Protein chains: 4
Amino acid sequence: MAYEYKAVRRVEFADTDMAGIMHYSNFFRFMETAEHAFFRSLGLSIVAKVDPPVGWPRVHAECDFRAPLYFEDEVEVHLLVSEKKSKSLSYVFKFRKLNASPVIEVAHGKLTVVCVRHEKGEKMAACNIPDFIADKIEVAPEALLDGSR
Amino acid sequence: MAYEYKAVRRVEFADTDMAGIMHYSNFFRFMETAEHAFFRSLGLSIVAKVDPPVGWPRVHAECDFRAPLYFEDEVEVHLLVSEKKSKSLSYVFKFRKLNASPVIEVAHGKLTVVCVRHEKGEKMAACNIPDFIADKIEVAPEALLDGSR
Amino acid sequence: MAYEYKAVRRVEFADTDMAGIMHYSNFFRFMETAEHAFFRSLGLSIVAKVDPPVGWPRVHAECDFRAPLYFEDEVEVHLLVSEKKSKSLSYVFKFRKLNASPVIEVAHGKLTVVCVRHEKGEKMAACNIPDFIADKIEVAPEALLDGSR
Amino acid sequence: MAYEYKAVRRVEFADTDMAGIMHYSNFFRFMETAEHAFFRSLGLSIVAKVDPPVGWPRVHAECDFRAPLYFEDEVEVHLLVSEKKSKSLSYVFKFRKLNASPVIEVAHGKLTVVCVRHEKGEKMAACNIPDFIADKIEVAPEALLDGSR
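I will try to describe carefully the structure that is included in this document. As the structure is a prediction and not an experimental result, all values here were calculated from the model. (Residues numbered from 1 in each chain as written. Chains lettered and ligands numbered in written order. Predicted model: local features only at pLDDT ≥ 70, side-chain atom pairs only at ≥ 80, totals over all residues. Heavy atoms only, no water.)

## A word on the overall build of chain A
Next up, step 1: Each helix and strand counted, chain A has 3 helices and 8 strands in total.
Next up, step 2: Going from N to C terminus, chain A has its helices and strands arranged as β-α-β-β-β-β-β-β-β-α-α.
Next up, step 3: What you see for chain A is a C-alpha radius of gyration of 16 Å, in line with the 15 Å of a compact globule of 149 residues.
Next up, step 4: Viewed in the frame of its principal axes, chain A has a C-alpha envelope of about 45 × 35 × 25 Å.
Next up, step 5: Across the 149 residues that make up chain A, the buried fraction comes to 58%. (Helix = DSSP H or I, 4+ residues; strand = E, 2+ residues; numbered from the N terminus. Rg over C-alpha atoms; globule rule 2.2 N^0.38 Å. Buried < 20%, exposed > 50% of the residue type's maximum accessible area, 1.4 Å probe, protein only.)

## Notes on a nonpolar patch on the surface
Residues and elements named next belong to chain A.
Next up, step 1: Nonpolar side chains collect at one region of the surface, where Val 8, Leu 98 and Val 103 lie side by side and expose about 220 Å² of accessible area between them.
Next up, step 2: Structurally, the position occupied by Leu 98 is in the loop between strand E5 (88–97) and strand E6 (104–114).
Next up, step 3: Leu 98 sits in the partly exposed class, given a relative accessible area of 31%. (Patch = residues over 30% accessible without salt bridge, like charges linked within 9 Å, V, L, I, M, F, W, Y side chains within 5 Å. Areas by Shrake-Rupley, 256 points an atom, 1.4 Å probe, with all protein chains shown as cover. Salt bridge = Lys/Arg side-chain N within 4 Å of Asp/Glu carboxyl O.)

## Here's the deal with the interface of chain A and chain B
Next up, step 1: Every contact between the two is made by 20 residues of chain A and, on the other side, 20 residues of chain B.
Next up, step 2: The contact between chain A and chain B buries some 1700 Å² in all, and 61% of this surface belongs to carbon and sulfur atoms.
Next up, step 3: Three residues, A:Tyr24, A:Phe28 and A:Phe65, lead the burial of chain A against chain B; their summed loss comes to 30% of the area buried on that side.
Next up, step 4: Only helix H1 (25–41) and strand E3 (58–65) of chain A provide two or more residues apiece to the side of chain A that touches chain B. (Contact = heavy atoms within 4.5 Å. Buried area = accessible area lost by both parts, 1.4 Å probe.)

## A word on the side chain of A:Glu32
Next up, step 1: The topology assignment puts A:Glu32 in helix H1.
Next up, step 2: Among residues more than four places away in sequence, those in contact with A:Glu32 are A:Arg58, B:His23, B:Tyr24, D:Phe13 and D:Ala14.

## Section: the environment of A:Asn99
Residues and elements named next belong to chain A.
Next up, step 1: In this fold, Asn 99 is placed in the loop between E5 and E6.
Next up, step 2: For the pair Asn 99 and Tyr 3, spaced 96 residues apart in sequence, the C-alpha separation works out to 25 Å.
Next up, step 3: Apart from residues lying up to four places away in sequence, Asn 99 is in contact with Glu 72, Asp 73 and Glu 74.
Next up, step 4: Of the polar contacts made by the side chain of Asn 99, one reaches the side chain of Asp 73; its length is 2.9 Å. (Polar contact = N/O pair within 3.5 Å; in protein donor to acceptor, adjacent residues only side chain to side chain.)

## Let's talk about the relation of the copies chain A and chain B
Next up, step 1: Screw-axis analysis of chain A against chain B gives a translation of 0.0 Å along the axis, an RMSD of 0.0 Å, and a rotation angle of 180 degrees. Both chain copies can therefore be described as sitting about a two-fold axis. Considering only C-alpha atoms, the residue of chain A closest to the rotation axis is A:Glu62, which sits at 2.0 Å.
Next up, step 2: By residue overlap, the copies meet face to face through one surface: 100% of the interface positions of chain A are interface positions in chain B. (Least-squares fit on C-alpha atoms with pLDDT ≥ 70 in both.)

## Overview of the packing of aromatic side chains
Residue and element names in this part refer to chain B.
Next up, step 1: Tallied over the full model, the rule gives 38 aromatic pairs over all chains.
Next up, step 2: For the ring pair Tyr 91 and Phe 93, a centre distance of 6.0 Å and an interplane angle of 50 degrees mean the geometry is tilted.
Next up, step 3: Judged by its relative accessible area of 1%, Tyr 91 is buried.
Next up, step 4: You can call Phe 93 buried: its relative accessible area is 0%. (Phe/Tyr/Trp six-rings, centres within 6.5 Å; stacked < 30°, edge-to-face > 60°.)

## Looking at the relation of the copies chain D and chain C
Superposition of the two copies of the chain requires a rotation about an axis together with a shift along that axis.
Next up, step 1: After a rotation of 180 degrees and a shift along the axis of 0.0 Å, chain D superposes on chain C with an RMSD of 0.0 Å.
Next up, step 2: Same-surface contact between copies: 100% of interface residues of chain D are shared with the interface of chain C.

## Description of the interface of chain D and chain C
The figure often quoted for interface size is the accessible area lost as the parts come together.
Next up, step 1: On the chain C side, the residues contacting the 20 residues of chain D number 20 residues.
Next up, step 2: For chain D, the biggest contributors to the area lost against chain C are D:Tyr24, D:Phe28 and D:Phe65; these three give 30% of the whole.
Next up, step 3: Taken together, the connections running from chain D to chain C amount to 0 salt bridges.
Next up, step 4: The interface formed by chain D and chain C includes 12 residue pairs in polar contact (both at pLDDT 80 or more).
Next up, step 5: At the level of elements, helix H1 (25–41) and strand E3 (58–65) of chain D are the ones that each hand at least two residues to the side of chain D that touches chain C.
Next up, step 6: Partitioned by chemical class, the residues of the side of chain D that touches chain C number 12 nonpolar, 3 polar and 5 charged.
Next up, step 7: In the sheet, strand E3 (residues 58–65) of chain C pairs with E3(D) via 5 bridges, with the strands oriented antiparallel. Among the inter-strand pairings, C:Asp64 is bridged to a residue of E3(D), identified as D:His60. (Nonpolar A, V, L, I, M, F, W, Y, C, P; charged D, E, K, R; others polar. Pairing = 2+ DSSP bridges.)

## Here we look at unusual backbone geometry
Next up, step 1: The omega torsion of the bond from C:Asp51 to C:Pro52 falls at 0 degrees, within 30 degrees of zero and hence cis.
Next up, step 2: Relative to the helices and strands, C:Pro52 resides in the loop between helix H1 (25–41) and strand E2 (54–55).

This is the structure:
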């Protein structure tokens, strides 16, 4: 059972905007990078090869921005599972700028995703998270979540 | 004084992902599209030509996703000013799929931005919103905000 | 029969990079915007609802960049059909900055796409462009192409 | 003196489009990723801290697409310096899908960039590549370039 994953990304030129900092929409892309790497770390893929296939549409996303990220900054995206329900998962993300001394938390994100089933020719509908996924994921200890659940 | 703006965008191929729907990070790009068009509608630019220049870094962004958007969908991004402080503005965004009958609200976003001053060679710092901007913007009526302030 | 289309886009904040100009990868997204609007102008969609479905993977793309585009610039993306074969189409794109006096050509692009068929459970393979599409498209006059075929 | 660099990227969900493959504009972002990592490998940054600052606008970019890239594919972006002039550099990029057996070349790109100087309050103008950069870069051997110069 796992409840966290730390992905590291370097801010690329194309991630910046004319204000000279990473565009805020990319924090949401980076959250997803960590979510998908978390799944790979469990031997899974967010694009599960099951029949019928399941998907994970986002139902809520948010981010607090505390300090900017610049070109070539190295950022750790620390994913923590903050909630686990039968049909949904919630994550907290702590963005830390590694090339700062001391390391600083530059942003704090949240994401809630729902498990859905794609039956052929039918509308997708929320479903229980398959056991082979749910059995590998647990909620992070309260102390790590800092009350940010 | 203005408190709203409606921008219309068509979902492009590059906005979609392999799930066949608009990638969730693009809702945040679309919010900004409406914010900047709102400023233009007031005879302003989000990149104000004042000395020293002011900028508008985002401090909070969030979105609830209720229904997917597909390629070539026409979406109205309805911006409403939900809060106006001396140094910050908050917006609410209602995403409506226009090519649905009836039109449905597919997402609901929020954004808080802070006015900052870029003095040459100094760190940027929060500042009062210049009068020539503040004088043109007011908070939307409560009825339009649906308690979503 | 049609051989051209003019799409207009405004450069958005998220399209810019820290150099203060539109990131070069976005010229390729804008080419596609014009291509898909060209299809819509013919009563078609690039995502054709035929059985089996056809797709249009890109096999070659290029662009010459002559002048930068800035935030809020209005750019006309002028698509011209430069070649039509049984299984492929080639386009030329002239990017013109409309808010310049005189209007200047800031970039010149080319794109070649191939028509493919997605049979269920099979690899996609090049196929003849369906008649209902091919019948609506012709090559632009040589004079308009400026030898850029 | 260096003439090559190999960057490795994993295709992310946000890099894909509704056709289920990496969107073609992202190949151009990946080229830049390799270019900037090449500079870092030489102890440089593409955003040089010199006075006056120099920049590297793109004047030509192209790509041939031979096979698609899918979500979670690992791709090696092999940069080779194909031309070095007093004011410009040209690169060739070989995209190899590493998680294929045998490894296959999925795309082949080219990029030409010009060195420019940003004098305060003046238009940017092409300039000689500063010695501390030029001294570290040489053209790749003909055999590696496969006549793709």
